[in-house]
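Close look at the chain arrangement
Spelled out from the first residue to the last, the chains are:
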Amino acid sequence: MKYYLIDYENVNASGLDGIEKLSQESRVVIFYTRNSNKIDLNMLNILLNMETDLTVVEVHHGKQALDIQLASYVGFLIGTEGPGSEYNIISKDKGYRNIQDFWSDHAINLFSSIRQAARQKASKEGGKKAPVRGKGNAAGEGSAGKSSGQKDQTALKKTDSEGGQKKNSSESGQKKASDRRNEVNTDIQKILSKAGCPGDLINGTASFVSRNIGQDGYKQIIYRGIISELGQKTGLEVYRLIKDVL
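Before going into details, it helps to say that this report is about the structure given with it. (Residues numbered from 1 in each chain as written. Predicted model: local features only at pLDDT ≥ 70, side-chain atom pairs only at ≥ 80, totals over all residues. Heavy atoms only, no water.)

1. With respect to the pattern of salt bridges
- Applying the stated criterion to the full structure yields 4 salt bridges.
- Taking the shortest distance from any N to any O, the salt bridge between Arg115 and Glu20 comes out at 3.4 Å. Of this pair, Arg115 sits in helix H5 (residues 114–126) while Glu20 is found in the loop between helix H1 (8–11) and strand E2 (26–32), placing the two residues 95 residues apart along the sequence.
- Relative accessible area serves as the criterion here: at 26%, Arg115 is assigned to the partly exposed category.
- When the shortest N-O distance is used, the salt bridge between Arg27 and Asp53 registers 2.9 Å. Separated by 26 residues along the polypeptide, Arg27 in strand E2 and Asp53 in strand E3 (residues 53–58) bring together distant segments of the chain. (Salt bridge = Lys/Arg side-chain N within 4 Å of Asp/Glu carboxyl O. Helix = DSSP H or I, 4+ residues; strand = E, 2+ residues; numbered from the N terminus. Buried < 20%, exposed > 50% of the residue type's maximum accessible area, 1.4 Å probe, protein only.)

2. Here's the deal with the sheet that holds E2
- As summarised here, the arrangement of the 5 strands in space is E3-E2-E1-E4-E5, forming an open sheet in which the pairing is parallel. The open sheet is flanked by E3 and strand E5 (107–111), the only strands paired with a single partner. On average, adjacent strands in this sheet sit at an angle of 20° to one another, irrespective of strand direction.
- For strand E1 (residues 2–7) and E2, the ladder comprises 6 bridges, and the chain directions are parallel. (Pairing = 2+ DSSP bridges. Axes fitted to C-alpha atoms, helices over the stretch in contact; angles between N-to-C directions.)

3. Overview of the nonpolar core
- Core analysis: the biggest nonpolar cluster contains 40 residues, and Leu5, Phe31, Val209 and Ile222 have the highest contact counts within it.
- Looking at this core, the element that brings in the most residues is helix H3 (residues 65–81), giving 6 residues.
- In this structure, Ile6, Ile19, Val28 and Ile90 belong to the second largest nonpolar core, which totals 16 residues. (Core = buried A, V, L, I, M, F, W, Y, C linked by side-chain atoms within 4.5 Å.)

4. Side note on the layout of surface pockets
- By volume, the second largest pocket amounts to about 240 Å³.
- Lining the second largest pocket are 15 residues, with Tyr8, Tyr32, Asn37, Ile39 and Val56 positioned closest to its centre.
- Counting residues per element, the ones that place at least two in the lining of the second largest pocket are E2, helix H2 (41–49) and E3. (1 Å grid on protein atoms, 1.4 Å probe; cavity = no way out; pocket = protein on both sides within 12 Å on 5 of 7 lines; lining within 4 Å. Points joined across faces, edges and corners; volume = space filled by probe spheres on them.)

5. Focus: unusual backbone geometry
- Residue Asn12 is not a glycine yet carries a positive backbone phi of 55°.
- One can find Asn12 in the loop between H1 and E2.

The structure is reproduced here in structure tokens:
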């Protein structure tokens, strides 16, 4: 999960620049006060129509009230999501660097806009070098004197071998996925039963999680599904109980 925590009082609409490019794997939380600038209709239209999950939090006016609440929310997310998520604070306030220093073992970033965050990520990925592949010459350099027939037979054996390996790998992968679903289902039932949850909640949650485990972005799917089904308070409590087995 990638979180974008917007200090809207500080960055205003410029901090939301690039929000329309975010994927479903992202979640945006906008913190604002009565002193914040209004959002124009174009940006409002983008916010209403984007697929990214959006939460808007009004902070009561007070000295550094927004900074304090945003900082506490980061701690809450880290306690809920753990080190596997990424937390991007959108603000020009350098005071948030204290949060980075305190949670130095977590992925906490500070940007002035969502677009800047995306550019920096793209720059890092672009800096990764592709592996260099060896080259052979037209005369078959590196063939160790093999004849054309020998090469063909070797290629056929290699193809047959790879085909068998792929088939076995696929079957093995399916078995592992099934075992993983069964294991998670059992673990969740034990955890929720020990916590004293009602039977329908235990069975429903275990079934839902085991169906979605292993999918692309499954943690986000499970988190949203549990919150949607059980409500914010109960859903968060249940998710905290089971998140270590996901």
